[in-house]
Each structure stands twice: as structure tokens, then as C-alpha cells.
Amino acid sequence: MNRAWLRWVPAAAVPAVIAAGVLVGSIPARAGDPLPQKTPAEVLTLLGQHNTKSFSGTVQQSAELGLPELPAAGPSSGPVSAGGAASVLEFLTGEHTARIFMDGPTKMRVQVMDRLAERDVIRRDNDVWFYNSKDNSAAHLALPAFASDLPLPAPGVPALPGPPAPPGDLPGPDLPKPDLPLPILPGEFVPGPPVMPTPEDLARKFLAVVDSSTEVTVGPDVEVAGRSAYSLALAPRTQGTLLEKVAIAVDGETGMPLRVTVMARGQAEPAFEAGFTSLSLAAPDDSVFTFVAPPGATVKELPVPPVPYMPGRPALPPSPGGIPPGVVPDSGPDQPTAPDQPTAPDQPTAPDQVPPDAVPLDQPTAVPEQLPVPDKVPGSDDSVRHRDAPRPTVTGKGWETVIWFPAAPGGQGAAWTESLLNDPLLSQAAVVVPGGRLLSTALVNVLLTDDGRIFVGMVPAERLQAAAGAA
Amino acid sequence: MLLALAAIPVLIAVAVRLSSSVPPGRGPAFLDRISQNGLFVAVAAMLVSVPLFLPLTIGVVAGDTIAGEASLGTLRYLLVAPAGRVRLLLVKYAGALAFCLAAPVTVALAGAAIGASLFPVGPVTLLSGDVVQPPEAALRLVLIAAYLAVSLAGLSAIGLFLSTLTVVPVGAMAATVVLSVVSQVLDQLPQLEWLHPWLFTHYWFGFADVLRQPVLWDSFTSNALLQAGYIAVFGALAYGRFVTKDVLS
């Protein structure tokens, strides 16, 4: 009997050993040299000074926004077949993994790894290629000569800030422009498919809107992709927003943003997270950036994006406090409408509100490419820029900003409502509430009133309804 | 059984050959590439056989290891020889492992052969859009087969354990196959996300990472680690069960 029990010992021991191993492995390693203490301003400076342009790494992104989950093998978004809303929505739900290779400002490759498929964006100097293995289609974009040395990646990237953009752009009094147009209307102006945002892109977006309404703190060090990093936390000072906190892991050595975590109020899981799971700062092999359309692939030549925004780009990096000049004229929402709004005074003063500790952010030139991106999409297109079309209105300030698109044929609001309701996924997600329909996510609420107006904000639905009632 | 596996790529190749061209983006991945490059027959066949055919084969082999001997009444004769139960168990498991390797290799070889005979063979386009020459493509095929062999090792350990529980081989076989299907179903349920990395089927489709450029080894290593865990757990269980078992037949 005794012997019989002994024989079962391995069967009991092995799971125990495995469980122990997993537990030990899951405890965040705090070993290693602790990073020197830094104040938030110092960490911001570190982040701003970082100049890591050659690296390869794997980025994992997960989103818990409360949107209906798309099947992993969802609608394929061919390079230009603009699966529009669907393909951008895709990055708003579930998990995605991408490998990113960068060598200098003009060579990069992003591989979004789908199940049994892959979407690639490859840039080498002037040539930008998009490739989708699902339908074996490729698209090529030749950047104009003057843009070749700009550190702007692919114009396909614009669509991708979509996911993080709403949080990033909405709150700032400086940029109260919602990025919703991006998800909905990308195909028209943005050549190329959406690609996943890197932690860097996200960090930049959030830092761009840091102002006095945001509390910036440095938390305990974290470890990301095997590197110890400062944890920079941006928390709105107000309770009236859905956003609870944005945590940015800043590499202690290089200052590179390694992970961005967006926490929504009342949700334990991060609403959105993108971070490196592995990172190597060695320059990737040059052959990675070489792409030739494979035989048998359908190749489409993309038109060069409208020139107006291209020259604007070089001017962007030096923009102070993360207010890219391009945004202001383009985003329309803020400036023009401000005067007739009670809250208007807030808008003009926005630039001054940038607190001292935000100054170091001075939009480092490292990856300025993302900044111009959001503004150019709604702005650079001709369709939306009807001078006579009603412009959106902004109420509230800081993180509580509510943007209101009046109902009018031909206006942005009408176009969006239409695309929203035409998209089966979105229209399903929108629930009927008194006064209209509500598209609710963990971070952003969108209210489509019955009379065709749209209210967008990172605020609870009640506030949107109140705004709708008041307006 | 290996013949049945070899029939899969043949079936696919002939079907694609006879039918009109497959529109890209439809049907199982890689299917549309076959008509351009015969080597994709092997990939498509492996892809198709992963969910059911390969586990079925392994389930039959692994479920038969001990229970088969028991039902034939030969188990006690094997144990009369001074070989020891542990050794018998190890040899039986080694046999199952050999099958794990043989099964995907058979599919790959048959696929490459039939593909080469029915379709042109040329440089292969990887998932990343990069093109590799046939020799390297063949190497990738071998890697995929190796990946699948590793993937099936955990399942065969489960089959071995189930086989020690019963004297009815069909029961063990069926249970093994059912477990693999259940595991794949669980892997599809988003509500059980926390469980997914622990399911032995979780990385089965990760072999596509071998077709990326540069090759992504993450899934290969996590898969190997996971399968090693399953082998350890169910190997220990099989040991505990088999060594303490009263062998009556």
C-alpha cells in the first residue's frame, strides 16, 4: 500500500512543480538595479530626449473597450479595399501582435500578425509598400521626393491612431477633435490599410494633451520586455471623465516609451494596452526593409496623398507642447466654433495652460509622424471641408470635453451618422436611449440623437444626454 | 493510417486542379496559392489536417498503446519478461512519438510530391510577402512538420495515460480525440481567455509563424514548453497508474 502511494508521487509532484514555476514566473521581477529616482518632469525630459531609431521588437496590443468582438479572422482589409470601419474597429477589439523593425527615420517595417496571415507595411526611403497575405495583394506608394527624408512612416498609419486617438485627442482643450472620423472614413483619404499603433505613437498622443487638468506622477518602476522602466502616470484631475489613468512605461535607459496602458473608470482590466513584449535595440538586418511585390500578387499603385499636408509636416515636430500646428487649422472643431460657445474662452487659452512640467515634452522629433496624422485625415480631404458645412461645436473643457456635430445635410455629422448606421457592427453596438442612440465604450461615448446630431466625449453617457438636451 | 493522411493532400491537389481557380481570400488559407505553386499543397494539407485528422491519427495510436495490448491479452506476457513496466511505458510512448513525427511528415511529403507533379513549383511567397527559393521553402516545410510533431506530443501523452486506464482501446482512442476537439472548442470561447494559454491545442495553428520572414520563433518555443508540460504531467499520471495497476489481461 505504501509503495503504491509512492508511485503516484510524481503525478502529484509534476503539476505542483509546474504551478510553482508559473507562480514564480508571474511575479514581476523587481530584481536588478533599481532605476535612479526621477521626478515626473525628469522622466518627461528623458522621454522627450529619447532618440532610439533603430530597433526591432514585438508589440502586443489588447483592447477591452466593450465593443463587440470581431472574429479573429475578421473581414480582410485589402490594402485599398478599405474595410473602413471594420478594419479599424478590428484594432479596437481583442488582441493583436505586430513586429516592428526600424532603422533610422526612413526605414521601417511593421508586420501585423494575424492568424495564418499577415499584413505588412514596409518603407524604405521613398517607397512605401503595403502587403496583405490574405488576398495576396500589395499596394505601393511613392512618397514625393521632399518627403523621402522625413521620418514619417506610411500614410497608411493615419488610420491606425484610430483606436487610441479618441482618448488622446478628445480630452485636451487644445485638441478637442475626436478621432472618430478616422475609423469611419479612412479609406477615402488614407491610402493603405490601418496598421497597429506602436507604444510610441500612443505615448505621443497622450503627452500631446497633457495640461494643467492632468496630474502627472511617477509610479514604481515596472519591467517591460525585460527592461526596467519608469512608470509615468497621467491622470485627469476631474472625476467627470471615463478615463481614469494613462500609464506610460518609459525605458530607464533610453527614454523610449515601452508600454502604454489606458485605464477606464470602473474597469479593472486596462481598456487599452499596447506594449513591447520583446525589444532589441540593435539595428535590424537591412534585408528586412526590402520588399518586392511577390509574383501573382495584385499590385495597386496608390496616389500620392494630397500635397497640402505634406509640407506641413516638417513644421510639426518642433511644435510646442504637443500642439501640432497642422491640427489647429485642420481640425476645425475647436477654433471656428469657439467664439459662439459659452465655453469659448477656454479654447484660445489652451496653449497657455501647458504647465511647466509639460514643456520638456516639446514633441521630440523621434516619432513625430503620428502627430500630423490625425489632423490631416479629416482636414486634408476635400469632401469634408465644405466651408459652408456646419462645423462641430465644443463644450466643456479638459478631459470633459464634449464635441457636438450639428445635424445638417452635407455636414460631417450627417456623413458619420450614415456610415455609423450603415456599418452593421456599429449599428448593432449602438443601444437605444432616450433621445437617440448611444454607442458606448469604456473610454468614449457617442450619442446619435434622433434629429441627427452627434455628441462625442470621454464622459459618461448622462453628460452627453444632458449636453444634447441643453444644446 | 498514414496512407489515409497522405490522401488528404492528394485530394486537395486534385480538387484544385480540376476546379476553376480559387478566388483569393476564400476557403482555407493558402488554398488559392496552390495553383501558382505546388509546394502550397503541402502547407494547405497540413493546415486542413491539424484540427481533426492529425489528432485522430495520434489518438488512435496513443490510445492503443497499453489498452490495445491489454485487450489482446498480450500485456501480461510483455510484463512477464524482465523489462519492467516503466520501460514498457517509455517504449510505448516513444512509438507514439515516432508516429507524431511520421504523420505530419507524411502529409508534407505527399503534399509536396503531388503538388510538384500537378502544379508548377517555383519561389514561394511567404506570409510577409517575401519570396524564398524552393530549397528554403522545403526547409520551411520541414520546420512546419517539426512544429506539428511537437504539437502532437502532448496529445499523445494524454492518449498514453488514458490508455492505461482501460482495457478497451477504442475507449481510450475516442477519449483522446474528443479531448483534442474539446480543447479546440474551448480555445474558441472568448469567455475562457485565461484558460487559453494552458490548452494543449492553443498553439497548434502557430505553425504559420514559420512562414513569416524573419521566422518568428516565439510560438515554437512556447508551444514546445507547453507540450513538455503536458508530457510531464500525463507521463507522471500514466506512470502512477500503470505501475500500480493490477494487470489481469
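Whatever comes next refers back to the structure up there.
Report follows, based on the coordinates. This is a predicted model, so every value here is computed, not measured.

Here we come to the overall build of chain A. Within chain A one finds 15 helices and 18 strands. In chain A, buried positions account for 60% of the 471 residues. When the accessible surface of chain A is split by element, carbon and sulfur atoms take 59% of a total near 17700 Å².

Another aspect to go through is the pattern of salt bridges. All names here are of chain A. Under the criterion given, the structure shown has 14 salt bridges over all chains. Arg463 is paired through a salt bridge with Glu400; the nearest N and O atoms lie 3.3 Å apart. On the criterion of sequence distance, the pair formed by Arg463 in helix α15 (residues 461-470) and Glu400 in the loop between β13 (393-395) and β14 (402-405) is long-range, its members being 63 residues apart. Counted as one network, the salt bridges with shared partners bring together Lys107, Arg124 and Asp286.

Counting from both sides, the interface comprises 37 residues of chain B and, opposite them, 35 residues of chain A. Across the chain B to chain A interface the summed buried area is about 2600 Å²; carbon plus sulfur atoms make up 61%. At the boundary of chain B with chain A, the tally comes to 2 salt bridges. In this structure, the salt-bridge partner of Glu118 of chain A is Arg212 of chain B, at a minimum N-O distance of 2.8 Å. For the side of chain B that touches chain A, the leading source of residues is helix α8 (residues 218-244) of chain B, giving 10 residues. Taken together, the residues of the side of chain B that touches chain A sort by class into 21 nonpolar, 10 polar and 6 charged.

It is worth spelling out the packing of aromatic side chains at this point. Residue and element names in this part refer to chain B. Enumeration over the complete set of coordinates arrives at 11 aromatic pairs over all chains. Note on Phe161 and Phe234: the rings are 5.9 Å apart at their centroids and 55 degrees apart in plane angle, and the pair reads as tilted. Here Phe161, found in helix α6 (residues 134-165), pairs with Phe234, found in helix α8; they are 73 residues apart in sequence, far enough to count as distant. When sorted by exposure, Phe161 lands in the same class as Phe234, which is buried.

Next up on the list: the packing of helix α3 (residues 53-72) of chain B against helix α7 (residues 169-188) of chain B. Residues and elements named next belong to chain B. With their axes 7 Å apart at the nearest point, α3 and α7 run at an angle of 150 degrees to one another. Classed by the angle they form, the pair α3 and α7 counts as roughly antiparallel. Between α3 and α7 lies a crossing whose hand is right-handed. When α3 is examined against α7, the residues Pro55, Leu56, Gly59, Val60, Gly63, Asp64, Ala67, Gly68 and Ser71 are found in contact with a partner set consisting of Pro169, Ala172, Met173, Thr176, Val177 and Ser180. The residue makeup of the contact of α3 with α7, split by class, is 8 nonpolar, 6 polar and 1 charged.

Turning next to the sheet that holds strand β4 (residues 117-124) of chain A. All names here are of chain A. On the basis of which strands lie adjacent, the open sheet formed by 12 strands has the order β7-β8-β9-β10-β11-β1-β2-β3-β4-β5-β6-β12 and mixed pairing. The sheet terminates laterally at β7 (214-224) and β12 (298-301), the two strands that pair on one side only. Between one strand axis and the next, the sheet turns by 15 degrees as a mean value, whatever way the strands run. Judged from the 6 bridges that link them, strand β5 (residues 127-132) and strand β6 (residues 137-142) form a sheet pairing that is antiparallel. When the sheet's bridge partners are listed, Asp127 is paired in β6 with Ala142. Most of the contacts of helix α3 (residues 40-49) go to strand β8 (residues 227-236), to which it runs at about 115 degrees, and overall it touches β7, β8, β9 (243-251) and β10 (257-264). Running at roughly 55 degrees to β10, helix α8 (residues 199-208) makes contact with β1 (54-64), β8, β9, β10 and β11 (272-280) of the sheet.

Turning our attention to the nonpolar core. Counting 74 residues, the largest nonpolar core has Phe30, Ile34, Leu75, Leu148 and Phe207 of chain B as its most contacted members. Of all the elements, α6 of chain B adds the most residues to this core, at 13 residues. Setting aside its immediate chain neighbours within four residues, Leu148 of chain B contacts Met46, Val50, Leu54, Pro104, Trp204 and Phe207 of chain B. The next biggest cluster of nonpolar side chains, apart from the first, holds 43 residues, and it includes Leu232, Val262, Leu439 and Ala442 of chain A.

Attention now goes to the sheet that holds strand β18 (residues 454-457) of chain A. Across a sheet, paired strands are connected by hydrogen bonds in the backbone, their directions being either parallel or antiparallel. Residue and element names in this part refer to chain A. Ordered in space as β13-β14-β18-β17-β16-β15, the 6 strands form an open sheet in which the pairing is antiparallel. What marks the edges here is a single partner per strand, and that holds for β13 and β15 (431-433). Within the sheet, the average angular offset between the axes of one strand and its neighbour, ignoring direction, is 25 degrees. Taken together, the 4 bridges between β14 and β18 define a ladder with antiparallel strand orientation. Along β18, the bridge assignment pairs Trp404 with Phe455. The sheet strands contacting α15 are β14, β15, β16 (436-440), β17 (445-449) and β18, and the helix crosses β17 at an angle near 35 degrees.

Residue and element names in this part refer to chain A. When you line up the elements, Asn132 lands in strand β5. Among the residues examined, Asn132 registers a relative accessible area of 3% and is labelled buried. Polar side-chain contacts of Asn132 include one of 2.9 Å to the backbone nitrogen of Lys134.

What counts, and at which threshold
Residues numbered from 1 in each chain as written. Chains lettered and ligands numbered in written order. Predicted model: local features only at pLDDT ≥ 70, side-chain atom pairs only at ≥ 80, totals over all residues. Heavy atoms only, no water. Helix = DSSP H or I, 4+ residues; strand = E, 2+ residues; numbered from the N terminus. Buried < 20%, exposed > 50% of the residue type's maximum accessible area, 1.4 Å probe, protein only. Areas by Shrake-Rupley, 256 points an atom, 1.4 Å probe, with all protein chains shown as cover. Salt bridge = Lys/Arg side-chain N within 4 Å of Asp/Glu carboxyl O. Contact = heavy atoms within 4.5 Å. Buried area = accessible area lost by both parts, 1.4 Å probe. Nonpolar A, V, L, I, M, F, W, Y, C, P; charged D, E, K, R; others polar. Phe/Tyr/Trp six-rings, centres within 6.5 Å; stacked < 30°, edge-to-face > 60°. Axes fitted to C-alpha atoms, helices over the stretch in contact; angles between N-to-C directions. Parallel < 35°, antiparallel > 145°, perpendicular 65-115°, else oblique. Left-handed = near helix turned anticlockwise from the far one by under 90°. Pairing = 2+ DSSP bridges. Core = buried A, V, L, I, M, F, W, Y, C linked by side-chain atoms within 4.5 Å. Polar contact = N/O pair within 3.5 Å; in protein donor to acceptor, adjacent residues only side chain to side chain.

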